[in-house]
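# Structural overview for review
Single-letter residue listing:
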There are 4 protein chains.
Amino acid sequence: MELTAAQRQELSEAQAARTETRRPTVPALEAMLFEPLPVLDHGFVRVVDYMGDDAAVVQAARVSYGRGTRAANEDRGLIRYLMRHWHSTPFEMCEIKFHVKLPIFVARQWIRHRTANVNEYSARYSIMDREFYLPAPAQLAAQSASNRQGRGDVLEGQEAAEVLELLRQDAMRNYDHYQAMLNLDEAGNTLDPARQGLARELARMNLTLNAYTQWYWKTDLHNLLHFLRLRADAHAQYEIRVYAEAMLAVLDAWVPAVAEAFRDYRLGAVTLSAQMLGVVKRLLAGEPVTQEQSGLSKREWRELMEQLGRAA
Amino acid sequence: MELTAAQRQELSEAQAARTETRRPTVPALEAMLFEPLPVLDHGFVRVVDYMGDDAAVVQAARVSYGRGTRAANEDRGLIRYLMRHWHSTPFEMCEIKFHVKLPIFVARQWIRHRTANVNEYSARYSIMDREFYLPAPAQLAAQSASNRQGRGDVLEGQEAAEVLELLRQDAMRNYDHYQAMLNLDEAGNTLDPARQGLARELARMNLTLNAYTQWYWKTDLHNLLHFLRLRADAHAQYEIRVYAEAMLAVLDAWVPAVAEAFRDYRLGAVTLSAQMLGVVKRLLAGEPVTQEQSGLSKREWRELMEQLGRAA
Amino acid sequence: MELTAAQRQELSEAQAARTETRRPTVPALEAMLFEPLPVLDHGFVRVVDYMGDDAAVVQAARVSYGRGTRAANEDRGLIRYLMRHWHSTPFEMCEIKFHVKLPIFVARQWIRHRTANVNEYSARYSIMDREFYLPAPAQLAAQSASNRQGRGDVLEGQEAAEVLELLRQDAMRNYDHYQAMLNLDEAGNTLDPARQGLARELARMNLTLNAYTQWYWKTDLHNLLHFLRLRADAHAQYEIRVYAEAMLAVLDAWVPAVAEAFRDYRLGAVTLSAQMLGVVKRLLAGEPVTQEQSGLSKREWRELMEQLGRAA
Amino acid sequence: MELTAAQRQELSEAQAARTETRRPTVPALEAMLFEPLPVLDHGFVRVVDYMGDDAAVVQAARVSYGRGTRAANEDRGLIRYLMRHWHSTPFEMCEIKFHVKLPIFVARQWIRHRTANVNEYSARYSIMDREFYLPAPAQLAAQSASNRQGRGDVLEGQEAAEVLELLRQDAMRNYDHYQAMLNLDEAGNTLDPARQGLARELARMNLTLNAYTQWYWKTDLHNLLHFLRLRADAHAQYEIRVYAEAMLAVLDAWVPAVAEAFRDYRLGAVTLSAQMLGVVKRLLAGEPVTQEQSGLSKREWRELMEQLGRAA
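Note that the structure is a prediction, hence the values are computed from the model and not measured.

Sheet strands pair by backbone hydrogen bonding; their relative direction is either parallel or antiparallel. All names here are of chain C. Sheet architecture is open: five strands sit in the order S2-S3-S4-S8-S5, paired in antiparallel fashion. Since the sheet does not close on itself, it has two edges, and those belong to strand S2 (37-39) and strand S5 (117-120), each with one partner. In this sheet, adjacent strand axes meet at a mean angle of 25° when their direction is disregarded. Pairing geometry for strand S3 (residues 43-51) and strand S4 (residues 95-103), over seven bridges, is antiparallel.

This is how it looks when you write it as structure tokens:
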């Protein structure tokens, strides 16, 4: 993630600006404002704007006229109650706007969360940057043998080297040809005055799915939590999970009481099906239970034993 | 719209607070912040928080790193272009949060706009205020003879007086009985210790649809404009239109360039159907056209002539 | 719930119609089609149309070209897997449309589910029916002493009788005055030719919140399940829960495999917070745990013990 | 667009099936059901299921109990009225489900319409097909000189040949390497038993943006019309416009009265801004108006003159 001098300058000016406001502000988040948090090899997440704080959740839940004078402790209790009982509307009263740089194949997973507002960099209108994601060696994983949509061991030796080289060469060559079709040189100048250059909206189709794009992404806190619950989860693909983790750090700075409740009642929580709950009750009653008698499939049994920290 | 001393105190504290922020601020909107704008006899709209400004629309449209250094004039031109060509995502990058007090029958129209975030005062949990909407004499309109869902002339004399008296008495009596069923007196104290009082979630059903409720309502700028286009329109019911008009004043203060484009390309604009456009072309060519030859229904013809400022 | 002769006739004609289709059909749901299922004293839910079945969920999940030839058992397993792992998009591929008659205060809770399509009977345009909800004696509950938004014991004796009488009289009187303001008699004819009658959009405000309204409500299966999870829950207000229960019966007929998975993984499931899970593990390890040592609030402890079927 | 024998078989079985239903059916759409309509070189759109018809729009608008007995002509008039006055909820009462095969860069534009339900073929779970979009010669357009996001003349001669060859070679090579990294041969068998093969969720990133993907896409009629208004428009990129045009043909078969109203009041309609309307009025009054006096920008003036069929 290297910004141009002009981009750095724009950033510094935004960071240097100070104005007075009557709105709630969060100093810990103000300190992070605008600064890109690096993710993957060329990506980033940065907070561009925000609305509300922990107290705004409480204020909306109470439909009150002002910020209230209750103890912070009382507010924390209400936030935990709202989270535990799946209330959603008070959390919708906070909003955050991110600027994100991310590989296109990650963007395609991300966009499935339909409740956010998105404004993406247009490759019909502008030229794409020469930047693409190449996995670090530790992320160059084999296909999982047991899980059709998961990763297995890390590739090693010759195979790893060859895979990485293919990814690099193909992305580079395709970008070279993208520029050639546009009839542009590296500096963005016309290459051959006798040519017209292919339309940008067509040339872009030659890029690979690991090319980086960027967008403004704005969401309310409730939907952000939903996104984080799915994407900070161990089953999410690594390349989107690291974005979710960067955003979790933002969450901690922005709304610490909500973040705490979210970790307790969502991220660290487990849901037991009716059958699983039955097994737990029998175990608590001292009854020996095996998978065969449990009514659970083998896979569910294994999941339950893991959650309970018992040998399957 | 009378606030209690405690509510006034909460408001004053919020208005007196000042903090420093790096976020974009809009002084003209800061000046209005938190203050209720009176609507109808007991209602109000007040801005509780906001995110973004005119420049934020432009910044998102350009997916840029900072606030930019372009001339304000260039930004205005881009905003007009985006509005004219029905771009929506850049306008979604601003957000505003209102606290609204409104009659329940108005709330029921309002809530059909599903894209906003809403947190309503809970009559399951709390006691409703003794406040209900009674139309001013100038709004006490007869059913329109020509439009099944519109208003005709204002009622007068005996009929007006009787209608108003019925509305007042029924609302008052039903509220009295609401309190009686809750086993509460005016001050909110238990009336008869031998009684239990009906559950709040049931007692509320005795209230009339002109009782006032309140909510926090938060929306992005694109959806706010959509709401205003429908509800500030002459065909909207008066009782919701006055809320839309109060919010239009907020819009002017908040995002003046967007507000200007909105008035030109939406509020003041007309849409001509294929057939209507054909009529305009024939008229411009000097051809005489009558409704019968126009391909338009009588109603459409009348609408078109009105829009063109011609006698039908 | 009494239909007019004309409505009965309309229903019978729709039920008698038969056409041939290539689309998936569900005989058990076809048998229920159009017929109102009574809810409360004058309300109903009836299925007006539907799209898809259990197999359509599977077909979408596999993005396949036809209906497939896999064993029903394999489909059931996939549906359970999708439900367990919170997949949502395959369930969005089925759709159902209801016609519902319901009290306005129930409609106001219901409408908060924003993802559905709704078309409500317009009281600006039409005259409302003289029908309002009056609780059966067993539902005339006192305010709960322990839960601010819940019900306690059933009211009895004098208090019950008086409450019921107030509800009945107020609803009746307000409807009488609604008609009088409209200048209409019971049969819908003009009462006094010298009067104009108040506009319908204004007169409706005199009705009470237990007046019945009706709407077409259409939703995809994923959002229907979300609605049912919240509204068929024991914490939901009785008056909306009975609608959810009627719709659960529809679900069983329509998509039996989805309904079964929904009951196992949602309705009958429990979510344990990180702290609750810790307590369960300690209990399973034979460690004695008290509320004080548990890290749980008293309320959470009580909830957990109930879920585990243990004395608190 | 070539289906495998197995896919053809699946299709034929679905098309051969017939069941009886009480639901409204549309024979003209039944005739098209399941059959892929070819789009671009390997893509298609096919209708997989539908709910409702013209009469269902009317039935919902009237919140009626049955299909009604009014004249078709009366229904058509109501549909035109609803369309002209921007009513949306009655059109939401019809639903349609498509299976679409489309290039990834088209899918990325399409997905911005957030109100639909989407289930996409998963490249984490499955192997992508060896199919990519290559423009026909007539679509190989140069960048527009006047419009930053549009197309100019068609490329010719040497430049066209080279561009096409680059697109073809890069897509083919990248797919070859995709398979190699997966350690699979053309038939999908393991290539080298000593290797593990890269995880599918990683290997996919080597594909180009013109690779074909497919999804189930389901939407209500109102949102379909919104999609068609934007994507069947002359400003939409050709590669998505051809999908919109195929869906317009479906619309004509499915809901002919809605389709007619849509063409008159949306597709063939123009919106005049307040200033443009002012110009038209002056022209109608016989006043000569130039761009300079008009209050319109040069671009707007040109657009208006085009719409009015006058020389700019």
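Let's shift gears to the domain arrangement of chain A. Interfaces are frequently sized by the accessible area removed from exposure as the parts join. Domain boundaries in chain A define domain 1 (5-133 + 210-267) and domain 2 (274-308). Measuring from the centre of the C-alpha atoms in domain 1 of chain A to the corresponding centre in domain 2 of chain A gives 38 Å.

Across the boundary between the two partners, chain A contributes 58 residues, which contact 59 residues of chain B. Around 5200 Å² of area is buried between chain A and chain B when both sides are counted, 51% of it from carbon and sulfur atoms. Counting the contacts that link chain A with chain B gives six salt bridges. Here Arg18(A) ties to Glu20(B) by a salt bridge, and the two come within 3.4 Å at their closest N and O atoms. Across the chain A-chain B interface, the total number found is 36 residue pairs in polar contact (both at pLDDT 80 or more). For the side of chain A that touches chain B, the secondary structure elements donating two or more residues are helix H1 (5-16), strand S1 (19-21), strand S3 (43-51), helix H3 (54-62), strand S4 (95-103), strand S5 (117-120) and strand S8 (212-220) of chain A. Of the residues in the side of chain A that touches chain B, the class split is 25 nonpolar, 16 polar and 17 charged. One ladder, built from three bridges, connects S1(A) with strand S1 (residues 19-21) of chain B; its direction is antiparallel. Residue pairing for S1(B): Thr21(A) is matched across the bridge by Thr19(B).

With 61 residues of chain A at the interface, the matching set in chain D holds 60 residues. Taken together, both faces of the contact between chain A and chain D bury some 5700 Å²; the carbon and sulfur share is 50%. At the boundary of chain A and chain D, one finds eight salt bridges. Here Glu120(D) makes a salt bridge to Arg108(A), at a shortest N to O gap of 2.7 Å. Elements represented by at least two residues in the side of chain A that touches chain D include exactly helix H5 (104-110), S5, strand S6 (141-143), strand S7 (151-154), helix H6 (157-182) and helix H7 (200-203) of chain A. Sort the elements by how many residues they give to the side of chain A that touches chain D and H6(A) lands first, with eleven residues. A per-class count over the side of chain A that touches chain D returns 25 nonpolar, 19 polar and 17 charged.

Residue and element names in this part refer to chain A. On the basis of which strands lie adjacent, the open sheet formed by five strands has the order S2-S3-S4-S8-S5 and antiparallel pairing. One side of each edge strand has no neighbouring strand; the edge strands of this open sheet are strand S2 (37-39) and S5. Going from strand to strand, the sheet's axes swing by 25° on average, the running direction of each strand aside. Bridging between S5 and S8 involves four bridges; their strand directions are antiparallel. When the bridges of S8 are listed, Glu120 appears paired with Trp215.

Now for the relation of the copies chain A and chain B. Superposition of chain A onto chain B requires a rotation of 180° combined with a translation of 0.0 Å along the rotation axis, giving an RMSD of 0.0 Å. Considering both components of the superposition, the chain copies are consistent with a two-fold axis. Distance from the rotation axis, computed per C-alpha, reaches its smallest value in chain A at Glu20(A): 2.3 Å. Here 100% of the contact residues of chain A are again contact residues in chain B; the copies associate through an equivalent surface.

Moving on: the UniProt feature "binding site: FAD" (unreviewed entry) in chain A. UniProt records the feature "binding site: FAD" (unreviewed entry) for Thr89(A), Arg112(A), His113(A), Arg114(A), Glu120(A), Asp220(A), Leu221(A), His222(A) and His226(A) in the present numbering. Spanning 138 residues, the named residues do not form one spatial group; their C-alpha atoms are separated by as much as 27.3 Å. Beyond its immediate stretch of four places on either side in the chain, Glu120(A) contacts Thr213(A), Gln214(A), Trp215(A), Val63(B), Arg108(D) and Arg112(D). Secondary-structure assignment places Asp220(A) in strand S8. Relative accessible area serves as the criterion here: at 6%, Asp220(A) is assigned to the buried category. Apart from residues lying up to four places away in sequence, Asp220(A) is in contact with Phe91(A), Glu92(A), Cys94(A), Glu95(A), Asn117(B) and Lys218(B).

Procedures and definitions
- Residues numbered from 1 in each chain as written.
- Chains lettered and ligands numbered in written order.
- Predicted model: local features only at pLDDT ≥ 70, side-chain atom pairs only at ≥ 80, totals over all residues.
- Heavy atoms only, no water.
- Pairing = 2+ DSSP bridges.
- Helix = DSSP H or I, 4+ residues; strand = E, 2+ residues; numbered from the N terminus.
- Axes fitted to C-alpha atoms, helices over the stretch in contact; angles between N-to-C directions.
- Domains from an automatic or database assignment.
- Contact = heavy atoms within 4.5 Å.
- Buried area = accessible area lost by both parts, 1.4 Å probe.
- Salt bridge = Lys/Arg side-chain N within 4 Å of Asp/Glu carboxyl O.
- Polar contact = N/O pair within 3.5 Å; in protein donor to acceptor, adjacent residues only side chain to side chain.
- Nonpolar A, V, L, I, M, F, W, Y, C, P; charged D, E, K, R; others polar.
- Least-squares fit on C-alpha atoms with pLDDT ≥ 70 in both.
- UniProt positions renumbered as here; feature names shortened; annotations may be inferred.
- Buried < 20%, exposed > 50% of the residue type's maximum accessible area, 1.4 Å probe, protein only.

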